[in-house]
Amino acid sequence: MSDHYDVTIIGAGISGLICANYLARAGKRVLLVEQNHQPGGNMSGFRRRGFYFDAGDQSFESLGIVFPILRELGLYDPADFTQLRYRMVSDDFDFYLDSIDGAEGALREAFPRETAIPEIFDEVRRVSRFLDENYDPGSFPLLNHFRLRHLLPAAKWLPPLRKWLTFRYREKISSRIADPSLRTWFTHIGYRRMPFLFFAGFWHIWINDYWYPNGGMQAFLNKLAASFEEHGGEIRYKTMVDHIDVDERSRRARAVVTAAGEEIAADQIVYSGDYKRFVGDILEERHFKPRFVKKIREADLTEEIFSVYLGLDMPPEELFGHVGTQHVFLFPNYDVIFPDERSPRDVHSRMWVALNVFHGENDDAAPEGKSTLVLQTYSSYRWENYWHNAGDSDERREEYTRFKREIANELIATAERLIPGLSERIEYLDAGTPLSLKRYTRNTDGSTGGWCYDDRVSPVYRSLGFNMFRTPFSNLHAAGHYALWPGGVISATLSGRMVANRVLGRRLLARMEQP
Ligand SMILES: Cc1cc2nc3c(=O)[nH]c(=O)nc-3n(C[C@H](O)[C@H](O)[C@H](O)COP(=O)(O)OP(=O)(O)OC[C@H]3O[C@@H](n4cnc5c(N)ncnc54)[C@H](O)[C@@H]3O)c2cc1C
């Protein structure tokens, strides 16, 4: 038996870091345990041969949640974040996303015969108004909305929200597009069976609310970790938690047990890792109701992503001349493919590709006169027999490394439509498959943002509720993107604050303090 802590938090992703910061500031003795060598989970970055890469998230949204929480922790300075600009490119259109009207105009010009486009964008504008009224990125309305005087004006949105929260409504409104391939694009672009609210919400946040922490994601996460330590918190990296030991008689969690067999006792424990592993692995299955276990087993997860990290022998000005902005969505066709284990061998060569470029926001992204580019698209963990790695293992075969390089070249070939000669300017190349993401974050199948949005299989739609912080043991809490719908950075961040409040015996959505 080693030390005893007030609170032990498993996982130093954004949710664990936020939770840890609140608890340390409240005077608790807190230990943060992380299996990786650095904080950040899905949001981490890495440096190779002088090039810096954001490994997972390339940016994130605030939606009236992330920045206010950072501000409450004394960790928000607007000068530390750059608002990003998106560009969309296909054979028919090429436009910057500066306003909904502009996007609508560009698509109408590209497809003059599609009379349904204005109708779709009228509805997108309504969602945008809803988000503007309720999720101002600069303030913290959501966190104060749980007062009646704020809730009443928001009640008018309930009827449209009911339809916006379905995929069916999205299908219905897109069905008016005449061209079949374009109809597919409008119906399916985004996450699989993504409800209309998210489809429209993405247009809103691409235009108004995507941010990059200057200096890179890892520097931002390191700052959160450092602030926790300055407030007396302790972090142990490279420490895998194997399971949680419980006292069945008192119905309380007792200690965290590491893979090396060390027991770390704590009054309260927060688990912020993969939820599928939580049920049955971290905590024995018999502690949960069988119906709940079944739901968690069956619940599908958000899409997996394949990333290609390129260090280029190309001055940043030249690269920026080609891409024009930080985020480009390049659509070689209007197919919307969600790869799975049965997808054909050439699936990635037909996928859309996101090109991500940060230089002005990160002076240290590449050596002088060189630049960094990250390409991403959806992929599948089990595809091609686990990417020729022959099974779900952390060991890597040579065949796997060769194969992922081949697939990286397919994304590079698509990106060359925008950056001619790209393949000849590559000085450093690495690629992250869903297997890499699983190894670095332990998220099942390398999934990216929590439960999937498919309204037929998501546990939220199957009435598990919006809040899964509670566990069978009163002093054991779950945080992170699985614990609070709908997942992603916002949910993870908010869950960190809500679970800290739960540990401290406060209201989950306690009113924000203005520092
Ligand atoms: C490529 C990519 C792009 C994305 N883009 C966006 C975006 O644009 N917008 C958005 O909102 N979201 C995005 N996301 C999702 C977002 O990054 C995640 O939802 C969010 O970071 C989750 O934070 P978390 O703390 O809940 O979990 P994680 O980041 O998964 O952190 C969990 C941590 O726990 C550690 N851990 C797990 N199990 C154990 C254990 N047993 N012992 C010790 N440590 C353990 C892991 O190593 C990890 O560090 C993206 C994700 C990816 C991968």
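All of these numbers come straight from a predicted model, not from anything done at the bench. (Residues numbered from 1 in each chain as written. Predicted model: local features only at pLDDT ≥ 70, side-chain atom pairs only at ≥ 80, totals over all residues.)

Peer 1: Got a sec to walk through the overall build of the protein chain? Specific residues and values, please.
Peer 2: In terms of helices and strands, the protein chain carries 19 helices and 18 strands. In summary, the protein chain has a C-alpha radius of gyration of 23 Å against a globular reference of 24 Å for 515 residues, a match within 12%. Expressed along its principal axes, the backbone C-alpha trace of the protein chain runs to roughly 70 × 55 × 45 Å. For the protein chain, the proportion of its 515 residues judged to be buried stands at 48%. Looking at the protein chain alone, contacts between residues at least 24 apart form 72% of all its contacts between residues at least 6 apart. (Helix = DSSP H or I, 4+ residues; strand = E, 2+ residues; numbered from the N terminus. Rg over C-alpha atoms; globule rule 2.2 N^0.38 Å. Buried ≥ 20, exposed ≤ 12 C-beta atoms within 10 Å, placed from the backbone. Contact = placed C-beta atoms within 7 Å.)

Peer 1: Which residues make up the domain arrangement of the protein chain, and what values go with them?
Peer 2: Partitioning the protein chain into domains gives domain 1 (4-45 + 58-79 + 215-299 + 449-503), domain 2 (120-209) and domain 3 (303-446). Computed from C-alpha coordinates alone, the two centres of domain 2 and domain 3 are separated by 29 Å. Listed by partner, the interface residues are eight residues for domain 2 and five residues for domain 3. Looking at the side of domain 2 that touches domain 3 residue by residue, the classes come out as four nonpolar, three polar and one charged. (Domains from an automatic or database assignment. Nonpolar A, V, L, I, M, F, W, Y, C, P; charged D, E, K, R; others polar.)

Peer 1: Summarise helix α17 (residues 434-441); cite the residues concerned and give the values.
Peer 2: Each α-helix turn comprises 3.6 residues. Residues three or four places apart therefore point the same way. What α17 keeps buried is the set Pro 434, Leu 435, Leu 437, Tyr 440 and Thr 441. Against the buried residues of α17 lie β13 (304-312), β16 (371-379), α15 (383-388) and β17 (426-432). Phi for Arg 442, located one or two positions after α17, is positive at around 70°.

Peer 1: Which residues make up the site of the ligand, and what are the values?
Peer 2: If you check the shell around the ligand, you find 38 residues, and the closest are Gly 11, Gly 13, Gly 41, Gly 273 and Gly 488. Among the elements of the structure, α1 (14-25), α17 and α19 (488-503) are those that each provide at least two residues to the shell around the ligand. Considering each element in turn, the shell around the ligand owes the most residues, four residues, to α19. Classifying every residue of the shell around the ligand gives 13 nonpolar, 20 polar and five charged. Mapping the shell around the ligand onto the domain boundaries places at least three of its residues in each of domain 1 (4-45 + 58-79 + 215-299 + 449-503) and domain 3 (303-446). (Near = placed C-beta within 6 Å.)

Peer 1: Report on the environment of Leu 131, specifying residues and quantitative values.
Peer 2: Residue position: Leu 131 is located in helix α4 (residues 117-134). A count of 21 C-beta atoms within 10 Å places Leu 131 in the buried class. Separated by 74 residues in sequence, Leu 131 and Ile 205 place their C-alpha atoms 9.1 Å apart. The residues touching Leu 131, leaving out its near neighbours within four places in the chain, are Gly 201 and His 204.

Peer 1: A description of the packing of α4 against helix α10 (residues 196-208) should follow, citing residues and the corresponding values.
Peer 2: Where α4 contacts α10, the two axes come as close as 9 Å, and the packing angle between them is 75°. Between α4 and α10, the angle falls in the class roughly perpendicular. Residue-level contacts link Glu 123, Val 124, Val 127, Ser 128 and Leu 131 of α4 to Leu 197, Ala 200, Gly 201, Trp 203 and His 204 of α10. When its residues are assigned to classes, the contact of α4 with α10 shows six nonpolar, three polar and one charged. (Axes fitted to C-alpha atoms, helices over the stretch in contact; angles between N-to-C directions. Parallel < 35°, antiparallel > 145°, perpendicular 65-115°, else oblique.)

Peer 1: Talk me through the packing of α1 against α19; I want residue IDs and the actual numbers.
Peer 2: Following both chains from N to C, one finds α1 and α19 inclined at 35°, their axes separated by 8 Å at the closest point. The crossing of α1 and α19 is right-handed. Taken together, the residues of α19 that come into contact with α1 (itself represented by Ile 14, Ser 15, Gly 16, Ile 18, Cys 19, Tyr 22 and Leu 23) are Val 489, Ala 492, Thr 493, Ser 495, Gly 496, Arg 497, Val 499, Ala 500 and Val 503. For the contact of α1 with α19, the per-class residue count stands at 10 nonpolar, five polar and one charged. (Left-handed = near helix turned anticlockwise from the far one by under 90°.)

Peer 1: Which residues make up the sheet that holds strand β15 (residues 353-356), and what are the values?
Peer 2: Taken in spatial order, the seven strands of this open sheet run β7-β6-β14-β15-β16-β13-β17, and their pairing is mixed. Both edges of this open sheet fall to β7 (94-96) and β17, since each of them pairs with a single strand only. The average undirected angle you get between the axes of adjacent strands in this sheet is 15°. Relative to β16, β13 runs antiparallel, the two being bridged by nine bridges. Bridge pairing in β16 places Val 308 opposite Leu 375. (Pairing = 2+ DSSP bridges.)

Peer 1: Lay out the pairing of strand β3 (residues 45-48) with the relevant residues and their values.
Peer 2: Note: β3 against strand β4 (residues 51-54), four bridges, orientation antiparallel. Bridge pairing links Arg 48 to Phe 51 in β4. The loop that links β3 with its antiparallel partner β4 comprises two residues; one of these, Arg 49, has a positive phi angle of about 45°.

Peer 1: Explain the pairing of strand β12 (residues 263-271) to me, and be specific about the residues and the numbers.
Peer 2: Pairing geometry for strand β1 (residues 4-10) and β12, over six bridges, is parallel. Note on β12: the bridge partner recorded for Ile 10 is Tyr 271. Counting the residues between successive antiparallel strands, the hairpin from strand β11 (residues 252-258) to β12 contains four residues, one of them, Gly 261, with a positive phi of roughly 90°.

Peer 1: Lay out the environment of Leu 73 with the relevant residues and their values.
Peer 2: Examined against the element boundaries, Leu 73 turns out to sit in the loop between α2 (66-72) and β5 (81-83). When the C-alpha atoms of Leu 73 and Asn 21 are compared, they prove to be 7.4 Å apart, with 52 residues separating the residues in sequence.

Peer 1: With reference to specific residues and values, describe unusual backbone geometry.
Peer 2: Along the chain, Trp 485 connects to Pro 486 via a cis peptide bond; the corresponding omega equals 5°. By the secondary structure assignment, Pro 486 is in the loop between β18 (476-478) and α19. Positioned with a positive phi, Leu 63 is a non-glycine residue whose angle comes to about 45°. Take Leu 63: it is sitting in the loop between β4 and α2.

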